[in-house]
Amino acid sequence: RGFLQRRLERTVGRSFQGRSSSMGGESLFFEYKCDFKRKPSRGEDALDDIILCSAWCPREQKKPLLVIGASDGALTLFRDEGEKIDKEISRSVPPTCVGWGPAPHNFLATGWHDGAVSLWDEKSGMLREDTAVHRESICQLKWDSSGNRLVSADSKGTVGVWKADARGRLVNQCSIQKGQSAVTHVAYRTNDTRSVAARGGEEAPAFYFAGEDGIIYLGCEDKTKVIEVAKMEGPDASISGTAVLEYYHEKDQIVGINDHLFMMVIAGPDDTGQSQVLYRAKLSARALDNDADRMLALWVNTGLLLTSSAERMLRFWKISEEENFILRVEDNTVPPDDKIQAVAYSEHRRILAAGTSKGYVLFWFQGNTQDADSAAEDWQPLLHATIKLDAAIVDLKWAHMSGMLSATTDNSCYVLVEHELQRKVRDGVALVQMNNYELGVLHAHRVRDDKGVPVVDEDEEWTNFWDKEEPRNVMKVSTTIPITGCDTTSSHIVVWSGRKAEVFKIDALAGRFEAVSCFETNAVSIAIGSETKKDEAIYLYMACEGRVEVANLSGSVIRTMTLGEADGSPTHVDIHGTHLVVGTTKGVMQKWDVARNPPVVKITRKFEDRGKQLGQITCVRMSSDGMRFGMLSKRANSAGAFTIPDTNIFVYDVEMDQFLNYDCGPHHFPVSLYWDCEDSTLIGAEVHRSFEAKSTDDNEVELKINRLEVVTCFATPEGLEPQHRFAISDEGQSLVGLHVPSLFVCSQDANQATQVRAKVMRDFVGMERVDAETRKALLQFSYNLTLGNMDEAYKAVKLIKNTSVWQNMAHMCVKTGRLDVAEVCLSNMEDANGARAVREARKEPEIEARIAMVALQLGLIEDAEALYKKCKRFDLLNQMYQATGQWERAIEIADKRDRIHLKATQYNWGKHLEGQRDFNGARNCYRESGVQKVEVPRMLYEVGDIAGLESYCQSSGDKDLHKWLAQFYEANGKMEQAETHYEQAEDYQSMVRLKCFKGQYKEAETIATVHQNPPAAYFLASQYEAQDKPKEAIRMYSEAGRYNHAVRLARANGFDKEILSLALQASPRVMIESARYLEDKQMFEQAVTLYQKGGQSSKALEICFEAKLFDSLRSIADDLGEGTDPALLAKVGDFFVSHSQFDKAVQLFITCKQLKQAMDMCERNKVIMTEQMAEKITDQLPEKEGEGGVFRTDMLKRIADLCVSQQNYHLATKKYTQAGMKDKAMDALLKSGDTEKIIFFAGVLRSKEIYVRAANYLQTLNWHTEGEIMKKIIEFYTKARAYQQLAMFYDACSQVEIDEYRDYEKALGALKESKKFMQKAEKPSTDLDRRIEMVETFVHAKSLVRKDNEEFQKMCFQLLDQPKVDAAVQVGDVFALLIEFYYSEQHYEQAYQMIEKMRQRRIVLGPYLDQTMCDTIYRHMGINFAADEDAVDEDIANMSDEG
C-alpha cells in the first residue's frame, strides 16, 4: 500500500521509446498516471476502488478528454496528461459502462448497476437519468454514428432504444425483451440494404444484439419487427454464450463467435426476414478456461478481423477470403507464460496495441496501406516501444484522432502520450532528445582559419570525431518539464512541453548548462532567435492559439503577432536571422520580418497547388537565407482525414512562388527535415521504409523491417533534385542535421549512452580539410552535377590545381555514375591509364559496367564490385576477383551467377596455384575444371615427379590417366608396367597388341573373348589372317562382329556350310553376294533364305518355283509387297488357291491392293474377316469425296455384311458407320447386345431414329431396377421428340410401381408425366385421364385414413364400385386398405366381410394381407381361417370377368 500510495502521488511516471514509422523517426511515449485525488477521509479504502469502465471523448477541435468510472460510483474526467478536471459525476451505485456520443454534442451516456441510464452534457454540466426501462445492471451502451440513437442492454435481457435531443434529454423509443439472459453485445447495421419500412423508419437505425443465450437478433424501434437472425450453438447443440459480435459494414454481414469458439458469418436479413449463414467454422484458438479470460475482437482493416483469446499471439481473420494469419509476441522481455488480454487499434496512427496479464503494453505498426492485401509481414513489431506497468492490463483505448492511449488496470489508469524525439543542429550545437526529461548536447562547431581551412585540434578525440567519423558522447541537460520540442542557438537552449517552457544558457568552456528561466505557456512550438543576423539568443517566438507571442528569455511577452481567423492557428515556427516562418492548422505559411517593430508579414502562402490542398503540415523548416521553406505533411485517407504520412518532401521557393517536391517512393516516409546550416539550396531528410524485400544469393526473399535512409536534395529552378540517397546500416541511428561537409547522426553505444557522429558527405570524402573557397566550389560543382549541367560544373572547379581534389572528385563521379565527368577529372590528374580505361569502358552496354571499369583504375574495388552486381555483370565481376587475387570469391560468384565460366575460373586458379608451386591445390583445381587428365600429368611430368605421377594415377582411378601412363611406360620399353596400367585402364586392345607382340596368341584370344572387346578381337583376327590361319581368323572376326570379313574368308577358303550362318548376321549387301555365290553352288534353299533376308523376295520366289521349294514359298509370301511383279503375284496366288490356303491368298491379295479379288475370295470361301484385314482394306480404299466414293462405300458394306454373317457385330457396326449406313450400324450393334456401346453409339450419332431404336432396345432390359437405364430411355425419347413412346414408357413405369412396389404416389407422378407427353404428341388421353383420376382418388383416400375415416371409406367403396377400376388400381390394394383400417379400429366383423368379398372376387389374399392379421380377424369371428390355395390370381380372374 505504501508503494501504491507513492505511485498515486506521482502524476508523471516513466517513459519508453521505440522506433515508429507512423510519422516521425523515433517516438517517445510519456506515461501519465491519472491522479484521482480521492478524499483523505476515505483513507486507504480509496485504493481498493476498482476501475469498471473508461472512454475517450471524440472531440474534433479540442484536446482529448478521458472519463473513468470506478466502483465508488464516481465518473472522473481527465485531460491528456492525466490531469483531473474538477467536474465529477457520482451516484450511490457504481457505473458499469460509459460511451461518448459523436460531435457536435458529445453527450456522455452512462449505464449504472441499478439499471439507470444517464446522459451528461459537458457544456451545461447537467446529469439526466432514467430508471423506468431497466431494473438490472446495464451491460451495454452503444451510440449510432449520428448521435441520434442510443441502445442500452441489461443483464436480464431487456434492450432499450433511446433518442437524445439537443438539450441532452433521453426519450425512450421502445423496450425489447428477448429471454432472461444478459445481452452483452450490440452492433449497428450501418449498411442496411432493406427498405425503409423493413428497417423501421428512416431515422431508426437497425441493430444486432446477442448475449448469454447465443441467439443473434436484429432489432429496431418497432419491437414487433425484431427478428431472430441465427443461433450460435456449442457442441451437441448446447447453449453457448456470445463472445464476439461485429458488423461487417462493407458486406452487410454480421460476424459472431461464441464461447466455444465457433465463428459464424451471416448475411444480413432481407425484407422477408430471411438470413443466410455464409460461413461456419471452429476457430483454432485457445479455449477460454475461466471467467477471467475474454475473447476480444475488433476490425483493423476492411474485412480483417483481429481476435485474441488470452494467448501469447493475435489472430487475424480475412472474412471474405476465409483465410487467417497470426501475429506472435516477439519481445524477449515478455515472460513466456504471459498472455494478451486487451487490444486496441488506432486507424489514425496505424498502430496496434496489446496489453498483457503481467502489465506489458506491446505495439505493432501496420506498414501496408492496402487493406485487402494485409498479411503477417505487414505488421512491424515496435520492440523498443514495449512498456511495463505495475499491474495486469485489463483495457486499452486509443483517443480519437491522436496518439494517446489509455491503459487501465484493476485500480489505476495511465495515459500514454506519443511524442517524436527531437533532434537539431544549429549554430554549431547539436541537440538530441534522450528521453522525456533529458537532452543530449554536443558542440559540433569546427574551428577554421582565415581561409576557412579546418584547424587541427589538439584534442585527439575531436580530431578523430571530424576526420575518422568516431562518435562522441553528448553532454546531458536535465529538465523539469517533459520535452515535446527544443531549439537552440550557439548560446541558449529552449525546451517546451505544451504547458511550460524552460531556457538554459550554454557555457561552452565549462561544459555546463545554466537554467535561465522556467515559465508557463501553452505554446505548441517555440523558436529561439534574435533581431540581429548574429543569432544572439534574445527573443522567443512562441506559437500559441491564434497568435505568435514574442517573449524574452524570462518568458515575459513583449509583443504579439496575431494571425487572421482565415489563416488558422500556428502549429510550427522556425527562425533564421530576421526571418521567421509560421505554419498553421489551415495549411497556411507566413514569412515574417522580425527585425521590424512591429514584425511585418512578408509572405502568406497556402499549402496548396491549383486550389487543391497538398496535405496537412506536420513539419516546417526554413533555409538559412529565409528564401525557402521545407515541409512534411500527411495526406488524406479514403474518409478524407489526414492520417497517412506523405511520401513527398516539399519545398516552397519564395522567389519563384512555387512548390517543389521529391517523392521518396512507395512505403518510404520522410520523418524529419533539415536544411544545411549555411547553404540555402541543400536540404536533407530522414526516410523510413516499413518493409524492404531483398533478394539473397540463394534466390530467397528476406524482409528487412524499418529500413532507415538519408536523402539529400538540391532546391533548383527545375525542382527538388536528389543529390544522394543512402541507407544508414547501423541499428538505432538517426539523422540530426547537416553542415557541409558533414552529416550528423546519433546512436547509442553498447552501454545505451547517446552519441553523435560526424559522417562526411559523399561528395566531400577526402576533402574535409579544403579551404572555404574550394568547399564552396565543390558544393557548386555537386549542385550543377545534380542538374546535369556539365559546363557550369566544370567552370565551378576548373581553377582548382590540387591533384588530390581532382582525384576525390573522380571518386565522387564513380559514386554518382558520371562517366563524362570522370574523364575530365582523370585528365586533370594526368592519369593516362585511367583515361584509357574510360575509353575502353564505353564498349560495355551497361553504364554501371563502364563506371566499374573506371573505379577499378582508381582502386575503388568495393565500388566496382557493387556496380557489377547492380548491372548483373557477374562475368566481369568474376574477372575482377581473379585479377585482384580473390579466387575464393571468384569461384563463389561463378558457381552461383556465372556458371558458364565456372570451369575456366577453376582452370585459371589452378594455373595460378601451379605458378605458386602449390601443386596439390593446382591438382584440385584442374580436377574441378575437368582438365585433370591432361594438365595434372603434364604438370607432374614437367617437374619430374614420376613417382607422384604414378601415385596420382593409382589414387585417382581414372582410366584415361592409366592409359596415358601405360603409353609412357610402353614408349620407354617397360612392357610389364605398361600391360598392368593397360589392364587398369581397361584398354584390352592394347593388351592384345602387347600379347601378340610377345607371341602369346592364346592369352590374347582369352583376353578378347572374356572381355568381349570387339576392337581387341578384330586386331587378333587380322593377326591370324596374316599368319594364314583362316578358321581362327573367321572365329575372331565373328567375335568382333565383322561378319563381312568372316564371310570373305569363308568363301575364299571354301567353307560353304558356314557361309549361311555368317551371312545372316552381316549386312544386306553381304547377304545378296553370298546368295549369288550359293546359287552358283546349286545350294538353292540357303540362297532363297539369303535373298529373302537381303530384301530380294522376287528373286527368292523365282528360285522357289524353279527348284519347287514350296515350303520356302509359303514363308516368302508374307513378305511380298506391291512392288512385286503382278504376274509373279498371280502365280503365288494360284499356288495358294490350288492348295486351299484361302486365308494366305486373301492376305496376299490385300497386300498387293487387289481388294476386289480379296473380298470375292472371302465371300466365296468363307474366310474369317479379322479386324486387321478389315483395317488394311479400309486404309487402301479411295477417299469418300473423290471419284472412288461409290467403290469405297460398296467395299465397306461388303466387309460389314460379311462381319454380320460371321457374327462379328462390333466390327460390322464400325464399317457400316464408315459407310454412312447408320441404321444398319445400329442393327448390327443391337444384335450384339452390348448395352454400353449402344448407349454410346446413340449419343454419338444423334439421330432421331437411332435414339428411338436405342430406347426401344433399352426397354427390353431390366430398366425398372437400374436407374441409369431408365434415365437413358427418357433421355433418348426426349431427344428424338418421340413423345408418344415416352408417354407409353411413363405408363409402363406407373404400372411397375403399382404391380411391384404398390407405390401409388410414384405411379401417379408417372401417369401425369405420361399424360403430359401424350398431349405433346397430340394424341387422345381420355383413358389416361380416367386412370389418373382413379389413382388420385386412391392416393387421397390413403391420406385420409387417420384424418377423416368416413370420407376415406366412402372413397374406397366408390372405387370398388367403378367398372374397370383394375386398369388403374389393384382391387386387392383397395380391399387391403379397408381391411387394415378396420383391423386397426378392431372392427373385426367389417374386416371379415371385406375379406369374404375379396374371396368372392377370387382375389388371392397372400400378396395383400398379412397372415397374422387374417388369423386374428377370423379368430374374433369364431371361424377357422383357411388359405385359398385353389384361388386364381386376381389378374386372371379379372380377365375371365371381362371375357
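Refer to the structure above for everything that follows.
All values reported here derive from a predicted model rather than from experimental measurement.

## Digging into the packing of helix α21 (residues 1030–1040) against helix α22 (residues 1043–1052)
Close contact between α21 and α22 brings their axes to 8 Å; oriented N to C, the two are set at 160 degrees. Between α21 and α22, the interaxial angle falls into the category roughly antiparallel. Considering the relative orientation of α21 and α22, their crossing is left-handed. Contacts between α21 and α22 involve Pro1030, Ala1033, Ile1034, Tyr1037 and Ser1038 from the first element and Tyr1043, His1045, Ala1046, Arg1048, Leu1049 and Ala1050 from the second. Across the contact of α21 with α22, the residue classes tally to eight nonpolar, two polar and one charged.

## Observations concerning the pairing of strand β21 (residues 262–267)
Most of β21 sits out of view: six of its six residues are buried. Here β21 shows no split at all, with Phe262, Met264 and Ile266 on one side and Met263, Val265 and Ala267 on the other all buried. Of the strand pairs in this sheet, strand β20 (residues 253–258) and β21 are connected by five bridges, and their pairing is antiparallel. Each bridged residue has a counterpart across the sheet, and for Gly256 the counterpart in β21 is Met264. The antiparallel pairing of β20 with β21 creates a hairpin that spans three residues between the two strands, and Leu261 there sits at a positive phi of about 65 degrees. Where β21 lies against strand β22 (residues 276–282), six bridges are found, and the strand directions are antiparallel. Bridge assignment links Met263 to a residue of β22, and that residue is Ala281.

## What about the sheet that holds strand β47 (residues 557–562)?
Taken in spatial order, the four strands of this open sheet run β44-β45-β46-β47, and their pairing is antiparallel. If you trace the sheet from one side to the other, it starts and ends with β44 (525–529) and β47, each paired once. For this sheet, the mean angle separating the axes of adjacent strands, direction not counted, is 20 degrees. Across five bridges, the pairing between strand β46 (residues 547–551) and β47 is antiparallel. Within the sheet, the bridge partner assigned to Val548 lies in β47 and is Met561.

## Digging into helix α14 (residues 932–942)
For α14, the set of buried residues is Gln932, Glu935, Val936, Pro937, Met939 and Leu940. Its buried side turned inward, α14 meets α12 (902–915), α13 (919–929), α15 (946–956) and α16 (959–971). In the segment just after α14, Gly944 is the residue with positive phi, at about 75 degrees.

## Considerations on the packing of aromatic side chains
The geometry of two aromatic rings is summed up by the distance between their centres and the angle between their planes. This structure, assessed with the given rule, holds 31 aromatic pairs. For the pair Trp466 and Phe744, a centre-to-centre distance of 6.1 Å together with 85 degrees between the ring planes defines the contact as edge-to-face. Taken together, the positions of Trp466 in helix α2 (residues 460–467) and Phe744 in strand β64 (residues 742–748) put the pair 278 residues apart, joining distant regions of the chain. A relative accessible area of 9% means that Trp466 is categorised as buried. On the numbers, 5.2 Å between centres and 75 degrees between planes, the contact of Phe1352 with Phe1381 is edge-to-face. Residue Phe1352 is located in helix α41 (residues 1349–1361), and its partner Phe1381 is located in helix α42 (residues 1371–1384); the two are separated by 29 residues in the primary sequence. Here the two residues Phe1352 and Phe1381 agree in accessibility, since each one is buried. It is Lys282 that lies over the ring of Phe262; its NZ or CZ is 5.8 Å from the centre. Over the face of the ring belonging to Tyr1018 we find Arg1042, whose NZ or CZ atom lies 4.6 Å from the ring centre.

## What about the pattern of salt bridges?
The tally for this structure, following the rule as stated, stands at 51 salt bridges. Where Asp593 meets Arg596, a salt bridge forms, and the shortest distance between an N and an O atom there is 3.8 Å. For Glu865, the salt bridge goes to Arg889, with nearest N and O atoms at 2.2 Å. In this pair, Glu865 sits in helix α9 (residues 861–870) while Arg889 sits in helix α11 (residues 887–896), placing the two residues 24 residues apart along the sequence.

## So, the nonpolar core
Met1169, Phe1352, Val1369, Ile1379 and Leu1409 are the most contacted members of the largest nonpolar core, which has 104 residues in total. Considering every element that reaches this core, the biggest residue donor is α42, with nine residues. Counting residues in each nonpolar core, the second largest holds 60 residues, with Leu940, Met991, Ala1040 and Leu1062 among its members.

## Some points on the environment of Gly115
Note on placement: Gly115 falls in the loop between β8 (108–112) and β9 (117–120). Since its relative accessible area comes to 1%, Gly115 is described here as buried. Note: C-alpha distance between Gly115 and Asp154 (39 residues apart in sequence) is 7.1 Å. Those residues in contact with Gly115, other than ones at most four positions away along the chain, are Asp130, His134, Arg135, Glu136, Ser137 and Ile138.

## Regarding the sheet that holds strand β39 (residues 475–478)
The strand order β35-β36-β37-β39 describes an open sheet built from four strands, whose pairing is antiparallel. Edge positions in the open sheet fall to β35 (423–426) and β39, since each of these has one partner strand only. Between one strand axis and the next, the sheet turns by 25 degrees as a mean value, whatever way the strands run. Sheet topology places strand β37 (residues 438–443) next to β39; four bridges connect them, and they run antiparallel. Within the sheet, the bridge partner assigned to Leu439 lies in β39 and is Val477.

## Remarks on the side chain of Asp653
Along the chain, the position of Asp653 falls in strand β57 (residues 648–653). Only 3.3 Å separates the side chain of Asp653 from the side chain of Arg628, close enough to count as a polar contact. Among the polar contacts made by the side chain of Asp653, one reaches the main-chain amide nitrogen of Glu655 at a distance of 3.1 Å. Residue contacts for Asp653: discarding those within four places in its chain leaves Met627, Arg628 and Gln658.

## Some remarks on unusual backbone geometry
Residues Asn597 and Pro598 are joined by a peptide bond in cis, for which omega reads 5 degrees. Structurally, the position occupied by Pro598 is in the loop between β50 (588–593) and β51 (600–606). Going from Val740 to Pro741, the amide bond is cis rather than trans, its omega being 15 degrees. When you line up the elements, Pro741 lands in the loop between β63 (734–739) and β64. A positive phi angle, close to 50 degrees, is found at Gln1012, a residue other than glycine. Looking at where Gln1012 falls in the secondary structure, it is placed in the loop between α19 (1001–1010) and α20 (1014–1026). Gln1012 gets classed as exposed once you look at its relative accessible area, which sits at 61%.

Procedures and definitions
- Residues numbered from 1 in each chain as written.
- Predicted model: local features only at pLDDT ≥ 70, side-chain atom pairs only at ≥ 80, totals over all residues.
- Heavy atoms only, no water.
- Axes fitted to C-alpha atoms, helices over the stretch in contact; angles between N-to-C directions.
- Helix = DSSP H or I, 4+ residues; strand = E, 2+ residues; numbered from the N terminus.
- Parallel < 35°, antiparallel > 145°, perpendicular 65-115°, else oblique.
- Left-handed = near helix turned anticlockwise from the far one by under 90°.
- Contact = heavy atoms within 4.5 Å.
- Nonpolar A, V, L, I, M, F, W, Y, C, P; charged D, E, K, R; others polar.
- Buried < 20%, exposed > 50% of the residue type's maximum accessible area, 1.4 Å probe, protein only.
- Pairing = 2+ DSSP bridges.
- Phe/Tyr/Trp six-rings, centres within 6.5 Å; stacked < 30°, edge-to-face > 60°.
- Lys NZ or Arg CZ within 6 Å of the ring centre and 35° of its normal.
- Salt bridge = Lys/Arg side-chain N within 4 Å of Asp/Glu carboxyl O.
- Core = buried A, V, L, I, M, F, W, Y, C linked by side-chain atoms within 4.5 Å.
- Polar contact = N/O pair within 3.5 Å; in protein donor to acceptor, adjacent residues only side chain to side chain.

Structural measurements only, silent on function.
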